[in-house]
Each structure stands twice: as structure tokens, then as C-alpha cells.
Amino acid sequence: MSILWTIIIGFVAGIIAKWIMPGRNEPSGFIMTTILGIVGAVVATYLGQALGWYRADEGAGFIGAIVGAIIVLFIYGLIVGRRSSTSSY
């Protein structure tokens, strides 16, 4: 049940992150939005544990997942934006 819950929270966090930070270079679709949110939750958990905000057995909460998804979306936009600007002549 925890994997299903992670997917649901990841999907909602991905939607909210895309709503907060819209752009041309954002990933689209159900699967990409869900992956964005899940990766965001993992990033938030890792950063939170590294900064001492969470214990080793704790994960990021819903707000942390959204913040992590925004960070991932920002990095994704930088990578895709740079790739598309260098490939067009």
C-alpha cells in the first residue's frame, strides 16, 4: 500500500509543481507528472536528511514533495532548454 500511496502523492505533487512553475520545457503526460512528483519526493527526502530536517527512517511530507518536484522541474527545464537552444541553428 505504501508504493501506491507514494505514486498518488507523487502525482499530486507533480501537478502542483507544474501549476506553480509552468513553462514550455516541462514534461507532460500522466506518467511524466507522476515520475516528476516521485523524484521530487525522493530529492526532498535526501536533502532533508542531509540537512538534518528528517531522521534516517523518515521521508519528506507532502509539502517537501512539492518543493522537491519544483527543484526537479527547474533542473529539467535548464537541461532541456539548453539542449534545445544549442541544437537549433
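Residues numbered from 1 in each chain as written. Predicted model: local features only at pLDDT ≥ 70, side-chain atom pairs only at ≥ 80, totals over all residues. Heavy atoms only, no water.

Draft legend 1. Summary view of the overall build of the protein. For the protein, the helix and strand inventory stands at 3 helices and 0 strands. Within the protein, buried positions represent 25% of all 89 residues. Considering only residue pairs separated by 6 or more positions, the protein has 62% of its internal contacts joining residues 24 or more positions apart. Summed over all atoms, the accessible surface of the protein reaches about 6,100 Å², with 71% contributed by carbon and sulfur. (Helix = DSSP H or I, 4+ residues; strand = E, 2+ residues; numbered from the N terminus. Buried < 20%, exposed > 50% of the residue type's maximum accessible area, 1.4 Å probe, protein only. Contact = heavy atoms within 4.5 Å. Areas by Shrake-Rupley, 256 points an atom, 1.4 Å probe, with all protein chains shown as cover.)

Draft legend 2. Expanded view of the nonpolar core. In terms of nonpolar packing, the biggest core is built from 5 residues, these being A17, L36, A69, V72 and L73. Per-element tally for this core: the top contributor is helix α3 (residues 62–87), with 3 residues. (Core = buried A, V, L, I, M, F, W, Y, C linked by side-chain atoms within 4.5 Å.)

Draft legend 3. Local environment of helix α2 (residues 30–51). Over its 22 residues, α2 extends 31 Å from the first C-alpha to the last, a length consistent with the 32 Å expected when each residue adds 1.5 Å. Every buried residue of α2 is listed here: T33, T34, L36, G37, G40, A41, A44, T45 and G48. In an axial view of α2, the angular spread of the buried residues amounts to 165 degrees, which keeps them on one side of the axis. Facing away from the buried side of α2 by more than 90 degrees, the exposed set consists of I31, V42, Y46 and A50. Two residues or fewer past α2, G52 is found with a positive phi of approximately 85 degrees. (Expected span 1.5 Å × (residues − 1). Arc of directions from axis to C-beta.)

Draft legend 4. The arrangement of the environment of V72 in detail. With respect to the element layout, V72 can be found in helix α3. Counting along the chain gives 28 residues from V72 to A44, while the straight-line C-alpha distance between them is 9.8 Å. Apart from the residues lying within four places of it in its own chain, the contact partners of V72 are L36, V39, G40 and V43.

Draft legend 5. Spatial organisation of the confidence of the model for the protein. For the protein, mean pLDDT is 76; residues scoring 70 or higher make up 75% of the total. Ranking the elements of the protein by mean pLDDT puts α3 last, at 77, and α2 first, at 80. (pLDDT = per-residue confidence, 0-100.)

Draft legend 6. Seen up close, the environment of A56. With respect to the helices, strands and loops of the structure, A56 is situated in the loop between α2 and α3. Under the relative-accessibility criterion, A56 is labelled exposed at 75%. Separated by 10 residues in the primary sequence, A56 and Y46 place their C-alpha atoms 9.2 Å from one another.

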